[in-house]
Amino acid sequence: MERHPQPLALDHVVVAVPDLDAAAAELERAGFYVTARSDHPFGTSNRLVMLDGTYVELVAVTRPESVPESGFARFIQDSLAAGRAGPLLFAFRSDDASADLERMARHGIRVPTEPLVFGRDSVRRDGSTRPVEFSVVVPDFGDLAVGSFVCQHLTLDEVWHPDLLDHANGARRLTEVYSDAAGSGEWDLMAKVTEAEGPPFRLPNTTIHAGSSRLVIEADRETRAEIAGTSVDLVPAAV
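S.K.: Hey, could you run me through the pairing of strand β13 (residues 223-227) in this one?
M.R.: The two faces of the sheet receive side chains in turn, since in a regular strand these alternate between them. Where β13 and strand β14 (residues 230-235) come together, five bridges link them in antiparallel fashion. By the bridge assignment for β14, Thr223 is matched with Leu234. Counted between consecutive antiparallel strands, the loop separating β13 from β14 contains two residues, among which Ala228 sits at a positive phi close to 50°.

S.K.: Would you mind going over helix α5 (residues 184-194) with me for this structure?
M.R.: It helps to recall that an α-helix has 3.6 residues per turn; residues three or four apart then point in one direction. If you check which residues of α5 are buried, you get Glu186, Trp187, Leu189, Met190, Val193 and Thr194. Here the buried residues of α5 occupy an arc of 160° about the axis, which is enough to place them on one side. Contacts from the buried residues of α5 go to β5 (86-93), α3 (97-106), β8 (147-153), β9 (173-179), β10 (201-202) and β11 (207-210). Once α5 ends, the next one or two residues include Glu195, with phi positive near 60°.

S.K.: Sorry, what's going on with unusual backbone geometry here?
M.R.: The bulk of non-glycine residues show a negative phi, and the bulk of peptide bonds are trans. Of the consecutive residues Gly198 and Pro199, the connecting peptide bond is found in the cis state with omega at 5°. With respect to the secondary-structure elements, Pro199 resides in the loop between α5 and β10. Note the cis peptide between Pro199 and Pro200, where omega equals 0°. Relative to the helices and strands, Pro200 resides in the loop between α5 and β10. Unusually for a residue other than glycine, Glu195 sits at a positive phi of about 60°. Among the structural elements, Glu195 can be located in the loop between α5 and β10. Assessed through its relative accessible area of 6%, Glu195 is described here as buried. Backbone geometry places Ala228, a non-glycine residue, at a positive phi of 50°. Relative to the helices and strands, Ala228 resides in the loop between β13 and β14.

S.K.: Explain the sheet that holds β13 to me, please; I cannot follow it from the model alone.
M.R.: Remark on secondary structure: sheet strands pair via backbone hydrogen bonds, oriented parallel or antiparallel. The sheet built from six strands is open, its strands ordered β10-β11-β9-β12-β14-β13 with mixed pairing. Looking at the sheet topology across the chains shown, the edges are occupied by β10 and β13. Sitting on the sheet, helix α1 (residues 20-29) is in contact with β13 and β14, with an inclination near 175° to β13.

So, how was this worked out
Residues numbered from 1 in each chain as written. Predicted model: local features only at pLDDT ≥ 70, side-chain atom pairs only at ≥ 80, totals over all residues. Heavy atoms only, no water. Pairing = 2+ DSSP bridges. Helix = DSSP H or I, 4+ residues; strand = E, 2+ residues; numbered from the N terminus. Buried < 20%, exposed > 50% of the residue type's maximum accessible area, 1.4 Å probe, protein only. Arc of directions from axis to C-beta. Contact = heavy atoms within 4.5 Å. Axes fitted to C-alpha atoms, helices over the stretch in contact; angles between N-to-C directions.

Pasting the structure below:
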């Protein structure tokens, strides 16, 4: 079977939270710049912590009447309703969503739809907005508690605008993610989506482990925050 030439990088980790602003406030107290709320067209909203090459996406259901019967938003809504929160979705960087859809199908991954292209407004630090757009391939997660999908950025420079990368704590890079909700089925899906073996999954820009729910971020100062039962640890850069 034809494989991707190298493991996919982590694009972003989706942290499901019951209260979007409360989670953002906790991270702000730890010295992060958290973007203003942005609304998806399918009933969820996010606030982001932008880092070098990846980001942490806080997501909550804000318009339940707009959540469809399946897909990303339904997974978030069902997870929170079942009492599951934290890093529940991993988005991996795609250069060609259509090609990744075909590759995932060869691995036997069921994807109910063609790549979904959608957009939202990105809010800059000065309050101005810019449209951003994505093409995502989201499998049918079935009963899995942790999902993996691919995300192709169609407006990459707007998402990673330098204005959003400046944190008071000097946060730069997401070095490790730990998930305590994933089991063999979840890791198998991740292996097929990323073309990597694990856990741990040693990806080009981070490592994903089994273990107590945790995000490890390289920063200028050492501190800790907690959001939705997930520890966010800021650690100095390794010498």
